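Reading the structure
Each chain, written out:
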Amino acid sequence: MPGSYIPTDYFPVAIVILIATLIGLGTLLLGLVVRPRRPYTQKLSPYESGNPPVGEPRTEFSVKFYIIAMLFVVFDVEAVFLYPWAVAYDKLGMFGFVEMMLFIFILLVGYVYVWKKGAFNWE
Amino acid sequence: MTLPQLFFAYFALSMTVLSLLIVTRKNPVHSVIWMLVLFIHIAALYLFLNAEFLAAIQIIIYAGAILVLFLFVIMLLNLKREETAQKYQSQWPISMGIALVFAIFMTMIVGKITVMPALGEYSVEAIKAEGSMMTIGKVLYTRYLLPFEIASLVLLVAIIGAVVLAKQRVE
């Protein structure tokens with residue numbers, strides 16, 4: 001029945017998340033209460049090794065970063081498919097092995113394509 | 001209200017609030033940070049459906065990889081103009097009204113559902129005994145063989161699509 005199950009195994013995880021959040025918020029609040037607050041222009045300007053800040057902090061990034069991120073997502077998903085396969089490997093036998101090799105081969109085609117296209121080259 | 005329902009109420013409420021926070025922030029980077037919190041809440045909700053593996057995937061793929069993609073897109077686009085421009089179009093009250101009517105209808109339809117579908121062979125106890133990963137592995141690579149292999153083709157399209165779209169501009 002949905003809505004009637006409690007993952008009791010994850011109770012420690014919930015406690016850790018709670019403590020981590022409390023420490024994060026606690027230090028921020030403590031700092032807010034304790035620290036003196038005397039702002040002036042030089043103190044509020046971003047630190048650039050002693051020089052006055054020049055230009056915009058946010059500039060356009062190269063599209064190359066996007067290709068790398070996209071490829072990372074794809075191969076991350078591929079790796080995720082490997083986890084349950086590795087766990088159930090004994091039960092699947094030769095059939096499962098061939099199946100996964102086919103899966104990896106199809107993605108290998110994409111990998112070779114990307115390599116030949118030169119998407120891994122930074123220059 | 002039982003304890004599981006209380007948890008579900010918390011997650012449903014906080015996910016709605018977080019979604020609203022994501023679409024109303026002025027700074028797109030703040031939206032992405034709230035999205036991270038939303039993804040963690042979704043992962044926790046999967047745990048309450050006894051889907052441990054899916055919860056782990058939600059963290060690894062969504063919070064880990066897809067969020068990075070979002071951040072990169074924000075950095076690529078350099079959204080200075082969009083930030084200062086008017087965020088909402090003038091017809092937003094109409095859209096809000098339509099969404100509200102839709103929400104009312106959805107509540108009415110869901111309220112009508114009284115018969116729960118019969119439980120399958122994978123009960124909480126059966127999955128607990130075997131382990132979440134083992135159960136998924138045994139089903140995914142035998143019964144759902146074709147969808148699994150099709151997934152590799154979808155990923156292949158994603159690889160080639162990204163390179164074709166982005167590589168032209170580099171050269």
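Since this is a predicted model, take the numbers as computed values, not measurements. (Residues numbered from 1 in each chain as written. Chains lettered and ligands numbered in written order. Predicted model: local features only at pLDDT ≥ 70, side-chain atom pairs only at ≥ 80, totals over all residues.)

Concerning the overall build of chain A
For the record, the criterion: We count a stretch as a helix when DSSP gives it H or I for four or more residues in a row; a strand needs E for two or more, and each element gets its number in order from the N terminus. In this description the radius of gyration comes from C-alpha coordinates, and the expected globular size is given by 2.2 Å times residues to the power 0.38. To assign burial, the other C-beta atoms lying within 10 Å of each residue's own C-beta are counted, with C-beta atoms placed from the backbone; 20 or more indicates buried, 12 or fewer indicates exposed, and intermediate counts indicate partly exposed.
Along the backbone of chain A there are four helices and zero strands. Element order for chain A, N to C, with α for helix and β for strand: α-α-α-α. For 123 residues, the compact-globule formula gives about 14 Å, and the C-alpha radius of gyration of chain A, at 25 Å, lies well above that figure. Principal-axis analysis of the C-alpha atoms places the extent of chain A at approximately 70 × 55 × 25 Å. Looking at chain A as a whole, 15% of its 123 residues qualify as buried.

With respect to the overall build of chain B
Heads up, the rule is: We call two residues in contact when the distance between their C-beta atoms, placed using the backbone, is within 7 Å.
Along chain B, the regular secondary structure elements total eight helices and zero strands. Its helices and strands in sequence order give chain B the pattern α-α-α-α-α-α-α-α, from N to C terminus. In terms of overall size, chain B is more extended than a compact globule, its C-alpha atoms giving a radius of gyration of 21 Å where 171 residues would be expected to give roughly 16 Å. Over its C-alpha atoms, taken along the principal directions, chain B stretches across nearly 55 × 45 × 25 Å. The 171 residues of chain B split such that 11% are buried. For chain B, the share of sequence-separated contacts (at least 6 apart) that also reach a separation of at least 24 residues comes to 51%.

Digging into the nonpolar core
One recurring pattern in soluble globular proteins is that nonpolar side chains are buried together. Formally: Residues enter a nonpolar core if they are buried, belong to Ala, Val, Leu, Ile, Met, Phe, Trp, Tyr or Cys, and are joined to the set through C-beta atoms within 7 Å.
Counting 20 residues, the largest nonpolar core has Met 70 and Val 74 of chain A together with Ile 159 and Val 163 of chain B as its most contacted members. Secondary structure elements with two or more residues in this core: helix H3 (63–87) and helix H4 (89–117) of chain A together with helix H8 (145–170) of chain B. At eight residues, H3 of chain A tops the list of elements feeding residues into this core. The contacts of Ile 159 of chain B, once residues within four sequence positions are left out, are Leu 71, Val 74, Gly 110 and Val 114 of chain A.

Some remarks on helix H1 (residues 11–34) of chain A
To be explicit about the condition: Expected span, for any helix, means 1.5 Å times one less than how many residues it has.
With 24 residues, H1 of chain A extends 34 Å between its outermost C-alpha atoms, agreeing within 8% with the 34 Å of an ideal straight helix rising 1.5 Å per residue. Counted residue by residue, H1 of chain A has zero buried out of 24 residues, so it is predominantly exposed.

Focus on H4 of chain A
All names here are of chain A. So the rule is basically this: Note that bend, as reported per residue, equals the angle between axes fitted to the 7 residues terminating at that residue and the 7 residues originating from it.
The terminal C-alpha atoms of H4, which comprises 29 residues, lie only 35 Å apart, well short of the 42 Å expected from a rise of 1.5 Å per residue. At Phe 95, H4 is bent by approximately 70°, the largest bend along its length. Within H4 the residues assigned to the buried category are Leu 92, Gly 96, Met 100, Phe 103, Leu 107, Gly 110 and Val 114.

So, the interface of chain B and chain A
Filter applied, for reference: Each residue gets one of three labels, nonpolar for Ala, Val, Leu, Ile, Met, Phe, Trp, Tyr, Cys and Pro, charged for Asp, Glu, Lys and Arg, and polar for the others, Gly among them.
In this assembly, 46 residues from chain B lie in contact with 46 residues from chain A. For the side of chain B that touches chain A, the secondary-structure elements that each account for two or more residues are helix H1 (3–24), helix H2 (28–48), helix H3 (52–77), helix H7 (132–140) and H8 of chain B. In terms of residue class, the side of chain B that touches chain A is made up of 37 nonpolar, five polar and four charged.

What about the packing of H3 of chain A against H3 of chain B?
What counts is decided by this rule: Comment: axis = line fitted to C-alpha atoms, over the contacting stretch for helices; angle = value between 0 and 180 degrees taken between N-to-C directions. To sort the angles, those under 35 degrees are grouped as roughly parallel, those over 145 as roughly antiparallel, those from 65 to 115 as roughly perpendicular, and the leftovers as oblique.
Remark: H3 of chain A packs on H3 of chain B, axes separated minimally by 9 Å, with the N-to-C direction vectors making an angle of 175°. Classified by the interaxial angle, the pair formed by H3 of chain A and H3 of chain B is roughly antiparallel. Counting all contacts with H3 of chain A, which are made through Val 63, Phe 65, Tyr 66, Ala 69, Met 70, Phe 72, Val 73, Asp 76, Val 77, Val 80 and Pro 84 of chain A, the residues of H3 of chain B involved are Phe 53, Ile 57, Ile 60, Ile 61, Ala 65, Ile 66, Val 68, Leu 69, Phe 72, Val 73 and Leu 76 of chain B. Classifying every residue of the contact of H3 of chain A with H3 of chain B by side-chain character gives 21 nonpolar, no polar and one charged.

Some details on the confidence of the model for chain A
Quick reminder of the rule: Each residue carries a pLDDT score, the predictor's own confidence in it, on a scale running from 0 to 100.
Taken residue by residue, chain A gives an average pLDDT of 86. The fraction at 70 or more is 95%. Within chain A, the lowest mean pLDDT, 82, falls on helix H2 (residues 41–44) of chain A, and the highest, 94, falls on H1 of chain A.

As for the confidence of the model for chain B
In this model, chain B carries a mean pLDDT of 86, and residues with pLDDT of at least 70 account for 92%. The ipTM value of the predicted complex is 0.78, and its pTM value is 0.81.

Looking at unusual backbone geometry
Residues and elements named next belong to chain B. In the Ramachandran plot, Asn 50 falls in the positive-phi region, its phi being about 60° despite a non-glycine side chain. With respect to the helices and strands, Asn 50 occurs in the loop between H2 and H3. Residue classification places Asn 50 among the partly exposed positions, given that 19 C-beta atoms sit within 10 Å.

Topic: the environment of Phe 11 of chain B
Residues and elements named next belong to chain B. On the secondary structure map, Phe 11 appears in helix H1. For Phe 11, a count of 16 C-beta atoms within 10 Å puts it in the partly exposed group. Apart from the residues lying within four places of it in its own chain, the contact partners of Phe 11 are His 41, Ala 44 and Leu 45.

Comments concerning the packing of H2 of chain B against H3 of chain B
Residues and elements named next belong to chain B. Relative to each other, H2 and H3 sit at 170°, their axes nearing to 8 Å. One finds that H2 runs roughly antiparallel with respect to H3. Where H2 approaches H3, its residues Pro 28, Val 29, Val 32, Met 35, Leu 36, Phe 39, Ile 40, Ile 42, Ala 43, Tyr 46 and Leu 47 are matched on the opposing element by Glu 52, Leu 54, Ala 55, Gln 58, Ile 59, Tyr 62, Ala 63, Leu 67, Phe 70, Leu 71 and Ile 74. For the contact of H2 with H3, a count of residues per class yields 20 nonpolar, one polar and one charged.

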